[in-house]
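Tertiary structure, described
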Amino acid sequence: MVLIMYKIKSFILGKDNTYITDYFLKKRLLKRYEDNLKGYKSLFSYFDYSKLEDYDYLYPNSDDQIKQCIFCLKSNPDVSFSSRPHVIPEFLGNRYLLQHEECDSCNSYFSSTLEDALDKYSKIYRTLDKIKNKRRKLVSYSSINQKSKVSFDKQKNIYTFMGYQDKDFLFDDNKNELTGIFEVPKHRPVNIYKSFMKIFYGLLPRDHHKKFTLLREWIRTEDPTTVFLKPLEVIKTRLPGFNKKPLIVEIFYKQNKNLELMLRNKDAEDTFEYIALLGFGNVVFEMPLLSDIDCVKLHQNIKMNLKRFPNPYFINTYERLDLSNSENVITTETVVFSYKERISLPELEGTLIAELSDNLDTILKTD
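Throughout, a residue's number is its position along its own chain's written sequence, starting from 1. For a predicted model such as this one, the threshold for reporting local features is a pLDDT of at least 70, and the threshold for listing and counting side-chain atom pairs is 80 or more; totals across whole chains, interfaces and linings nevertheless cover every residue. No hydrogens and no water enter the side-chain calculation; it runs on all heavy atoms of the structure.

Brief notes about the confidence of the model for the protein
For the record, the criterion: As a per-residue measure, pLDDT tells how confident the predictor is, with possible values from 0 to 100. The way it works is that DSSP assigns letters per residue, a run of H or I at least four long becomes a helix, a run of E at least two long becomes a strand, and they are numbered from the N terminus. Note on contacts: a residue pair qualifies if any of its non-hydrogen atoms lie within 4.5 Å across the two residues.
Across the protein, the average pLDDT comes to 81, with 76% of residues at or above 70. The lowest-confidence element of the protein is strand E1 (residues 3-11), averaging 46 in pLDDT; the highest-confidence one is helix H4 (residues 189-203), averaging 97. Predicted confidence for residues 1-7 stays below pLDDT 50, and this span has 56 contacts to residues more than four positions away or in other chains. Across residues 9-21 the pLDDT falls below 50, and counting only partners more than four positions away or on other chains, this stretch makes 41 contacts in the model.

As for a positive patch on the surface
The cut-off we apply is this: Residues qualify for a patch when their relative accessible area is over 30% and they have no salt bridge, like charges being joined within 9 Å and the nonpolar side chains of Val, Leu, Ile, Met, Phe, Trp and Tyr within 5 Å. Under the convention used here, a 1.4 Å probe and the Shrake-Rupley method define accessible areas, while residue burial counts only the protein chains that appear. Any carboxyl oxygen of Asp or Glu within 4 Å of a side-chain nitrogen of Lys or Arg constitutes a salt bridge here. Within this scheme the basic residues Lys and Arg register as positive and the acidic residues Asp and Glu register as negative, but His and the chain ends are omitted. By convention, the point assigned to a charge is CZ for Arg, NZ for Lys, CD for Glu and CG for Asp.
Where like charges cluster on the molecular surface, the positive patch consists of Arg95, Lys132, Arg135, Arg136, Lys137 and Lys154. Mapped onto the elements of the fold, Arg136 is located in the loop between helix H3 (114-128) and strand E5 (141-142).

A closer look at the pairing of strand E14 (residues 283-288)
Note the following rule: Think of it in three bands: residues with accessible area under 20% of the maximum for their type are buried, residues over 50% are exposed, and the middle band is partly exposed, with areas taken using a 1.4 Å probe on protein chains only. Criterion used throughout: strands pair if DSSP finds at least two bridges between them.
E14 sits mainly inside the fold: six of its six residues count as buried. Across the two faces of E14 the burial is the same, with Val283, Phe285 and Met287 and Val284, Glu286 and Pro288 all buried. With four bridges joining them, strand E10 (residues 233-238) and E14 adopt antiparallel strand pairing. The residue bridging Arg238 from the neighbouring strand is Val283, located in E14. Two strands pair when backbone bridges link them, and strand E13 (residues 274-280) and E14 are joined in this way by six bridges, in the antiparallel orientation. Paired with Leu278 across the bridge in E14 is Phe285. Adjacent in sequence and paired antiparallel, E13 and E14 are bridged by two residues, among which Gly281 carries a positive phi angle near 60°.

Observations regarding the side chain of Asp153
Applicable threshold: Here a polar contact is taken to be a pair of N or O atoms separated by no more than 3.5 Å, where protein atoms must pair a possible hydrogen donor with a possible acceptor and residues adjacent in sequence count only if both atoms sit in side chains.
Looking at the element boundaries, Asp153 is found in strand E6 (residues 149-153). Look at Asp153 and you get buried, because its relative accessible area is 13%. For Asp153, the side chain forms a polar contact with the main-chain nitrogen of Gln155, separated by 3.0 Å.

A few points about the packing of aromatic side chains
To keep it simple, the criterion reads: By convention, a stacked pair of Phe, Tyr or Trp rings (six-membered ring in the case of Trp) has centres within 6.5 Å and planes under 30 degrees apart, an edge-to-face pair has planes over 60 apart, and any other such pair is tilted. Lysine NZ or arginine CZ positioned within 6 Å of the ring centre and within 35 degrees of the ring normal marks a charge as sitting over the ring.
Per the counting criterion, the structure on display carries 16 aromatic pairs. Both rings, one in Tyr141 and one in Phe182, keep their centres 5.2 Å apart while their planes meet at 85°; by these two values the pair is edge-to-face. Taken together, the residues span a long stretch of sequence, with Tyr141 in strand E5 and Phe182 in strand E9 (residues 177-187) at a distance of 41 residues. Assessed through its relative accessible area of 3%, Tyr141 is described here as buried. Between the aromatic rings of Phe169 and Phe182, the centroid separation amounts to 6.0 Å while the plane-to-plane angle is 65°, which identifies the pairing as edge-to-face. Placement of the pair is Phe169 in strand E8 (residues 169-172) and Phe182 in strand E9, with a sequence separation of 13 residues. A relative accessible area of 0% places Phe169 in the buried class. Classification of Phe182 as buried rests on a relative accessible area of 1%. Ring pairs connect the aromatic residues Phe71, Tyr109, Phe110, Tyr201, Phe212, Tyr253 and Tyr274, which therefore count as one cluster. Above the face of the Tyr55 ring, Arg84 is positioned so that its terminal group lies 3.9 Å from the ring centre.

So, the packing of H3 against H4
Our working rule: Axes here refer to lines fitted to C-alpha atoms; in helices the fit is confined to the stretch in contact. Angles between the N-to-C directions go from 0 to 180 degrees. Relative orientations are named as follows: roughly parallel for angles under 35 degrees, roughly antiparallel for angles over 145 degrees, roughly perpendicular for angles from 65 to 115 degrees, and oblique for any other angle. The nonpolar class holds Ala, Val, Leu, Ile, Met, Phe, Trp, Tyr, Cys and Pro. Asp, Glu, Lys and Arg form the charged class, and all remaining residues, Gly among them, are polar.
One can describe the packing of H3 onto H4 by two numbers: an axis separation of 8 Å at closest approach and a directional angle of 110°. Our classification of the angle between H3 and H4 gives roughly perpendicular. For the pair formed by H3 and H4, the contact residues are Leu114, Glu115, Ala117, Leu118 and Tyr121 on the first element and Asn191, Ile192, Lys194, Ser195, Phe196, Lys198 and Ile199 on the second. A breakdown of the residues in the contact of H3 with H4 according to their chemical character gives seven nonpolar, two polar and three charged.

Describing the pattern of salt bridges
Pairs may arise between side chains of opposite charge once their charged atoms sit close together. Under the counting rule described, the total for this entry stands at 13 salt bridges. The salt bridge involving Glu101 is made with Arg206; its shortest N-O contact spans 3.0 Å. Note that Glu101 is positioned in the loop between strand E4 (97-99) and helix H2 (104-112) and Arg206 in the loop between H4 and helix H5 (213-220), a separation of 105 residues in sequence. Residues participating in the shared-partner salt-bridge network are Lys236, Arg238, Glu319 and Glu333.

Re H4
Heads up, the condition is: Take the number of residues in a helix, subtract one, and multiply by 1.5 Å to get its expected span.
The end-to-end C-alpha distance of H4 is 22 Å, a good match for the 21 Å that 15 residues give at a rise of 1.5 Å each. With 15 of 15 residues buried, H4 lies mostly within the body of the structure.

Remarks on the sheet that holds strand E2 (residues 41-45)
Read from one edge to the other, the open sheet built from six strands follows the order E2-E11-E13-E14-E10-E16, with strand pairing classed as antiparallel. Two strands lie at the open edges of the sheet, namely E2 and strand E16 (319-322), each paired on one side alone. The mean angle between the axes of side-by-side strands here comes to 25°, regardless of whether they run parallel or antiparallel. Where E10 meets E16, four bridges bridge the pair, whose relative direction is antiparallel. Its bridge partner lying in E16, Val234 is registered against Leu321.

Structural notes on helix H7 (residues 292-299)
Note: α-helices contain 3.6 residues per turn, so residues at a spacing of three or four share the same orientation. Among all positions in H7, only Asp292, Asp294, Cys295 and Lys297 are buried. Count one or two residues on from H7 and you reach Asn301, which has phi positive near 60°.

Structure, rendered in structure tokens:
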């Protein structure tokens, strides 16, 4: 295996891959969601907050002197509220929307465990989508052993890929297609799922929280082996290309059918009471937000159908991920995309990244 270094000058976007930039176009798309998801109504849309230019709190309490954490249910002065927790992690692209009632203790626990797992898992997608970190710098990807790297040069509009041919990157010049195999450092997949649930639960209007006592308690459970449900499935769709796309977060809700009737007829198929979507870059995740009623149905082996969101990019290929694993594991993400042109750097081939000079950034930015 030989180390290869390439610059990708521009990606080919699918012909149906429309970059949604206009606010009103986003609202029309949301209306299409509502039309297609018959029986469901919108509870939350990040589109409504995407224009924020300063910090703002979601569902602020009129009396700031009395706060109760929506996760641990403790109030001040038993817990403090001095931090500014983001209701959707900042590393996903939400800079300004904050959680009003998340105590410092819960915020610290979520950041170091649940959001840490999602951070590691999403790193390559955020690199390719040019999402900035808290210091407003573009995110870059490095493998665990630092032998594979991906970065983006904003000035030249060029991605740089460093790694081993036939191990990290597979090129097909006949199709102008690149397959990248990217490592996700040690993490617990179940914490990725918990992180999704934590985000969506925090976005719900407060009068809906009473329907999620089982989920709320499980999110806060520090023992990762505690079983909630199995499998913990999400639907993952990869969109074509890596052009900058907006953060999409949606929650829909429908009045549930009679639970007693469903329990008597287990062969009947039902839909989930709450469904949610989170998308950034070229990846979209769809899943049920599990209410207490839906948990009972699943435990009773009632067939449940996840009604999917209409896809604005007309992509029907997707995969189901089971995130039930509570072990600390290293996984890989395989990403396939097309390009218009790649530039080889033969003068650097065969050189270990660790042996390159301190002027690596300068070398990579040369034409």
